[in-house]
Structure formats: structure tokens, C-alpha cells
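Breakdown of the fold
Now for the letters of each chain:
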Amino acid sequence: MLPTNLPRTGIWVNGLDLQAPAVAAGLAAELEELGLGAIWLSEGLAHDPFVTAAGLLAATRRLLVGTGIVVTYGRHPHWMRASARAVLDAYPDRFVFGAGTSNPRVVEGVLGLEYHRPLATLRDYLDDLDTPDTLRAQLGLPDSGRLPRVLAALGPRALQLARDRADGAITYLVTPEHTAQARATLGPDRTLVVEQAVVVGADDADARTRARAHVGAYLSNPGYRASWQRLGFADADLTAPGSDRLVNALVAIGEDQVRQRIAAHIAAGADHVCLQALPAEPFTIPAQQWKLLASINDSLR
């Protein structure tokens with residue numbers, strides 16, 4: 001089972017694994033002090049996400065840590081299972097294991113592997129991941145059982161896989177309309193985690209520049225393009241640098257919009273909304289925005 005104390009909101013952060021472990025631990029402790037109950041780690045392939053997660057959990061007392069996501073490509077299922085199980089056994093009520101196939105930019109551009117038939121590949125990977133641990137059997141130990149997990153999912157078939165082979169799904173760069181569709185596919189008893197990009201504490205021009213750059217980085221990705229087209233966005237919306245309509249739908253700017261977007265996702269069926277504060281420079285940590293988001297979180301309680 002996933003932790004039962006998943007809060008309504010949390011923080012999704014890109015680049016935390018690029019920080020020194022002591023710095024990352026300090027940032028996690030700051031988040032906990034601010035009252036933000038969960039942090040989701042994007043795997044940047046710089047450090048092992050399970051080691052990073054364990055360090056953050058050790059540095060805090062109540063903070064939930066999720067992997068959003070661990071990339072399955074390039075990881076043998078045995079080592080994935082052993083690593084995830086080690087963190088889950090140490091922090092059973094505070095760790096959420098999220099996994100997925102990522103995207104061609106990561107798999108081919110960084111890992112140098114072929115990104116092919118991602119849904120079928122993930123399904124086969126789960127088959128191997130769920131195979132009883134022969135080493136434990138040889139040692140006379142009980143099988144550790146299926147790993148509790150959420151799967152990265154956007155399209156209907158991926159969401160069906162998350163429903164059938166996981167405890168829920170984590171979505172990315174979506175609208176509340178997508179959240180409603182995802183909830184309908186997952187059914188009532190699966191956990192739905194939704195990432196929401198935000199900019200707070202910046203002037204309007206700067207905020208919109210950040211938002212457009214963020215969305216623009218995904219315009220050539222076929223998985224996201226297909227997701228947005230299913231939501232009714234046209235080719236003109238997806239032509240670089242992306243239409244205002246698309247950017248406004250995907251990124252909440254300003255505290256009022258953030259409150260409204262969180263409420264819309266929750267009303268549409270999200271269990272947890274993880275807020276990704278977009279920094280002025282890529283891979284920098286937007287700690288000042290976290291303080292504003294903590295105030296928004298307090299106002300929603």
C-alpha cells in the first residue's frame with residue numbers, strides 16, 4: 001500500500017540531485033519546516049534517486065519523499081526492486097516509489113538506449129519486476145511481495161496499465177480536464193498524483209517567459225503532443241513557441257491562479273498535486289517560491 005497520509009499538495013523539484021547531499025538534505029528540512037508535506041524527485045541521472053531519497057528521508061521527520069520518476073530504462077529489475085524495497089522497508093509510511101519509461105530525450109539522448117514501444121516495454125518490465133525474488137527464496141527468506149508504486153501515465157492505455165499493475169498514476173504537464181479523464185480511467189481506488197507547473201513571486205513578463213520556455217521544451221515530444229491533442233489543442237497551439245492558450249492551460253502564474261488550479265485538480269479527482277515552481281535559470285532551486293507556495297498550502301487547509 002502507498003502511504004495513507006499523502007497530503008493535498010507537495011513540491012516537485014528538478015535538479016535536486018545535482019546538489020551536494022548536505023545541501024539537498026538542508027533544502028528538504030526547509031520544506032518540512034515550511035509545512036510542505038511532500039517532495040517529488042525528478043531523476044536527472046546525476047545521482048541514484050533511491051540514495052537521494054534515503055538521504056532526504058533521514059534528514060527529515062515527517063516529510064514524504066516520492067520519485068517522480070525513476071527511469072526504468074537501463075536498470076535491471078532485480079536492482080530496481082532491491083533499491084526500492086530497501087527504502088520502503090526503512091520508511092514504509094514516507095516513501096512513494098514512482099517509475100516510468102521517461103522520454104526519448106533522456107533515454108536516447110543521455111543513456112544512449114533505444115526508446116521503442118514504451119508502453120509494451122514498461123509492461124514487460126513490470127512482469128520482470130514482479131517475478132518472485134529467487135535470491136530470497138534460495139536464502140530461505142519470504143518473498144518481499146509486489147512493490148507499492150505509481151506509474152507515470154498520460155494516455156488512456158498508460159493509465160489503464162497504472163490502474164491494473166500499480167497503486168496509481170503520476171501525470172505531468174496536464175490540465176484539470178486531463179485529471180478528470182485520468183480519474184475516470186483509474187477508478188475510485190487508485191491514487192492520482194498530478195504535477196502542476198507554477199510561477200509565483202515574479203513579475204508578469206518574467207513569469208510568462210519562464211512558462212513559455214518550460215512548455216516549449218516539450219513541444220517536440222510526441223507523447224506530450226498526443227496528450228495535448230487529446231485535450232483539444234490544435235497543431236497551431238503546438239507550433240513553437242506554443243500558443244498562449246496552451247501555456248496558460250499548463251502553467252499557473254500568480255498565487256490566485258495556483259490556488260484555483262489546485263482546487264480544480266482536486267475537484268477533478270486528484271489525490272495529490274505536486275507543484276513545480278519554475279526557476280529563472282534551469283536546474284536552480286526555487287526556494288523563495290517554496291515559501292509563497294507554503295502560504296498557499298496553509299490557506300487551503
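Along each chain, residue indices are assigned from 1 in the same order as the chain's sequence is written. With the structure being a predicted model, the display of local features is reserved for residues of pLDDT at least 70 and the display and counting of side-chain atom pairs for 80 or more, all residues being used for whole-chain, interface and lining totals. Based on all heavy atoms of the structure, the side-chain values leave hydrogens and waters out of the count.

Going by an unreviewed UniProt entry, the protein carries the name TIGR03620 family F420-dependent LLM class oxidoreductase and comes from Nocardia xishanensis.

Points about the packing of helix 8 (residues 176–186) against helix 12 (residues 255–268)
Their axes nearest at 8 Å, the elements helix 8 and helix 12 cross at an angle of 20°. For the element pair helix 8 / helix 12, the angle class is roughly parallel. The two elements helix 8 and helix 12 meet at a crossing, and its hand is right-handed. Of the residues in helix 12, those in contact with Pro176, Thr179, Ala180 and Arg183 of helix 8 are Arg261, Ala264, His265 and Ala268. Looking at the contact of helix 8 with helix 12 residue by residue, the class counts come to four nonpolar, two polar and two charged. The angle between two axes is taken between their N-to-C directions and runs from 0 to 180 degrees, where each axis is a line fitted to C-alpha atoms and a helix contributes only its stretch in contact. Only DSSP runs of H or I reaching four residues or more are called helices, and only runs of E reaching two or more are called strands; each is numbered from the N terminus. Each angle is binned into one of four classes, with values under 35 degrees roughly parallel, values over 145 roughly antiparallel, values of 65 to 115 roughly perpendicular, and all other values oblique. Take the far helix as the reference: if the near one is turned anticlockwise from it by less than a right angle, the crossing is left-handed, and if turned clockwise, right-handed. The contact criterion used throughout is that any non-hydrogen atoms of two residues lie within 4.5 Å. Residues are grouped as follows: Ala, Val, Leu, Ile, Met, Phe, Trp, Tyr, Cys and Pro are nonpolar; Asp, Glu, Lys and Arg are charged; all remaining types, including Gly, are polar.

What to know about the side chain of His178
Note on placement: His178 falls in helix 8. Note on classification: 1.4 Å probe, protein chains only; a residue is buried when its accessible area is under 20% of the maximum for its type, exposed when over 50%, partly exposed between these limits. Residue His178 is classed as buried on the basis of its relative accessible area, which comes to 4%. Those residues in contact with His178, other than ones at most four positions away along the chain, are Leu154, Leu159, Thr171, Ser227 and Leu231.

Considerations on helix 5 (residues 118–129)
Its 12 residues place the ends of helix 5 16 Å apart at the C-alpha level, agreeing with the 16 Å of an ideal helix rising 1.5 Å per residue. All buried positions along helix 5 are accounted for by Leu119, Ala120, Leu122, Tyr125, Leu126 and Leu129. Its buried side turned inward, helix 5 meets helix 3 (77–90), strand 7 (150–152) and helix 7 (156–165). To estimate how far a helix should reach, multiply one less than its number of residues by 1.5 Å.

Considering the UniProt feature "domain: Luciferase-like" (unreviewed entry) in the protein
With numbering aligned to this structure, UniProt lists the feature "domain: Luciferase-like" (unreviewed entry) at residues 20–272. Annotation note: span residues 20–272, helix share 49%, strand share 14%, distance between end C-alpha atoms 28 Å. UniProt positions are given in the numbering used here, feature names are shortened, and annotations may be inferred rather than shown by experiment.

Overview of the pattern of salt bridges
We count a salt bridge whenever a side-chain nitrogen from Lys or Arg sits within 4 Å of a carboxyl oxygen from Asp or Glu. Inspection of the entire model under this criterion finds 15 salt bridges. Here Asp206 and Arg210 are joined by a salt bridge, their closest N and O atoms 2.9 Å apart. A residue pair is termed a helical-turn pair when its members lie 3 or 4 positions apart in one helix, as Asp206 and Arg210 do in helix 9 (residues 204–216) at four residues. For Asp206, a relative accessible area of 27% gives the class partly exposed. Exposure remark for Arg210: the relative accessible area of 15% places this residue in the buried category. Between Asp256 and Arg259 there is a salt bridge, with the nearest N and O atoms lying 3.4 Å from each other. On the criterion of helical spacing, the pair formed by Asp256 and Arg259 is a turn pair, its members being three residues apart in helix 12. Here Asp256 falls in the exposed class, since its relative accessible area comes to 54%. Residue Arg259 is classed as partly exposed on the basis of its relative accessible area, which comes to 27%. The structure contains a network of salt bridges with shared partners spanning Asp127, Asp130, Arg149 and Arg165.

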